[in-house]
Amino acid sequence: MSAEFGGRTGRQGKLSQWLRGRRPKPAADEGGREALLLAAAGAGLPLAPAAHPAGYRCSCDRVGCPTPARHPVSFAWQTQSTTDRAQIERWARHQPQANFITATGMVHDVLDVPLDAGREALERLLAAGVEVGPVAESDDGRMLFFTLTRGTPEDEDEWWPCELDCHPETMDEHPGLRWHCRGSYVLVPPARLPGDDGRSVHWVRGPEHPLPEPLSLLETLTDACARHVGEQPDQVNSAWPLRR
């Protein structure tokens with residue numbers, strides 16, 4: 001009897017090992033992905049899962065996806081976005097391929113400029129001793145300056161109208177400076193872009209740097225953009241936001 005019982009135990013043990021072997025293993029956290037996401041959330045940037053590259057396509061499988069691997073996976077991304085550590089850990093571990101977006105206009109805005117203009121502006125700002133916050137580079141040719149938000153006043157008449165405001169559906173209309181505020185988002189590092197050349201979105205200055213006031217950066221950024229996109233500074237400056 002004991003031998004038979006022992007045999008069953010042995011078979012059960014092998015079955016358990018086989019089942020464990022078939023379970024998906026947690027993906028390795030290459031490059032400290034989870035730590036970087038938690039650092040961004042710890043700095044107050046609300047995060048939500050986004051699509052990821054599937055070769056040259058988007059994981060959403062939408063034919064002709066206009067923003068492959070750059071958009072949220074949920075239509076409820078604005079309410080879903082969070083800085084909760086436990087939730088972000090769950091997302092990161094259960095969706096190991098996912099990029100993440102950060103919703104702007106809640107805690108922070110993003111000034112999004114062409115890469116060459118951004119590098120020039122960053123050098124000038126640092127040389128002048130201006131407090132520059134987190135900055136990310138995207139290998140598709142953009143640089144992202146993270147700033148404090150302009151706010152969400154209860155009185156909508158106090159909202160700053162700005163021709164530079166950029167929302168996901170209007171990004172193509174802003175080849176120069178884009179201002180991501182309420183209703184918009186950007187990829188937060190680390191994020192992967194479509195293609196087989198390892199393109200990514202990565203930090204140049206991490207989220208440990210305090211968020212600056214956006215107007216402290218705007219003049220230098222618009223001036224750099226004017227030179228790099230062939231516009232006149234007065235034309236760019238005319239789109240600066242003014243409080244009513």
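Procedures and definitions
- Within any chain, residue numbers begin from 1 and follow the written order of that chain's sequence.
- Residues qualify for local features only when their pLDDT is at least 70, as the model is predicted, and side-chain atom pairs are given and counted only at 80 or more; totals for whole chains, interfaces and linings, by contrast, use all residues.
- To get the side-chain values, take all heavy atoms of the structure and skip hydrogens and water.
- Every helix listed is a DSSP run of H or I at least four residues long, and every strand listed is a run of E at least two residues long, numbered separately from the N terminus.
- Using a 1.4 Å probe on the protein chains alone, a residue whose accessible area is under 20% of its type maximum counts as buried, one over 50% counts as exposed, and one in between counts as partly exposed.
- Whether two residues are in contact is decided by their heavy atoms, any of which lying within 4.5 Å being enough.
- At least two bridges found by DSSP between two strands are what make those strands a pair.
- Between the N-to-C directions of two axes lies an angle of 0 to 180 degrees, each axis being a line fitted to C-alpha atoms and, for a helix, fitted only over the stretch in contact.
- Aromatic rings from Phe, Tyr and Trp, taking only the six-membered ring of Trp, are treated as a pair when their centres fall within 6.5 Å; an angle between ring planes under 30 degrees marks them as stacked, one over 60 as edge-to-face, and anything in between as tilted.

Novice: Explain the environment of Met106 to me, using residue names and the numbers behind them.
Specialist: With respect to the secondary-structure elements, Met106 resides in the loop between strand 4 (99-103) and strand 5 (108-114). Judged by its relative accessible area of 39%, Met106 falls in the partly exposed class. The contact partners of Met106, leaving out residues within four places of it in the chain, are Pro46, Gln78 and Thr149.

Novice: An account of the sheet that holds strand 1 (residues 47-50) is needed here, citing residue identities and associated values.
Specialist: The three strands lie next to each other as 1-4-10, forming an open sheet whose pairing is antiparallel. In this open sheet, the two strands that pair with only one neighbour each are strand 1 and strand 10 (185-187). The sheet shows a mean angle of 35 degrees between the axes of neighbouring strands, taken without regard to direction. Sitting on the sheet, helix 4 (residues 85-94) is in contact with strand 1 and strand 4, with an inclination near 15 degrees to strand 1.

Novice: Account for the packing of aromatic side chains, naming residues and giving values.
Specialist: Counted according to the given criterion, the structure contains three aromatic pairs. When the centroid spacing of 4.9 Å and the interplanar angle of 80 degrees are considered together, the rings of Trp77 and Tyr185 count as edge-to-face. With Trp77 in helix 3 (residues 77-80) and Tyr185 in strand 10, this residue pair connects regions lying 108 residues apart in the sequence. Taken individually, Trp77 and Tyr185 each receive the classification buried, so the pair is uniform in this respect. Summarising the aromatic geometry, the rings of Trp91 and Phe100 are spaced 6.4 Å apart at their centres and angled 50 degrees between planes, so their arrangement reads as tilted. Its relative accessible area of 10% is what places Trp91 among the buried residues. What makes Phe100 buried here is its relative accessible area of 1%.

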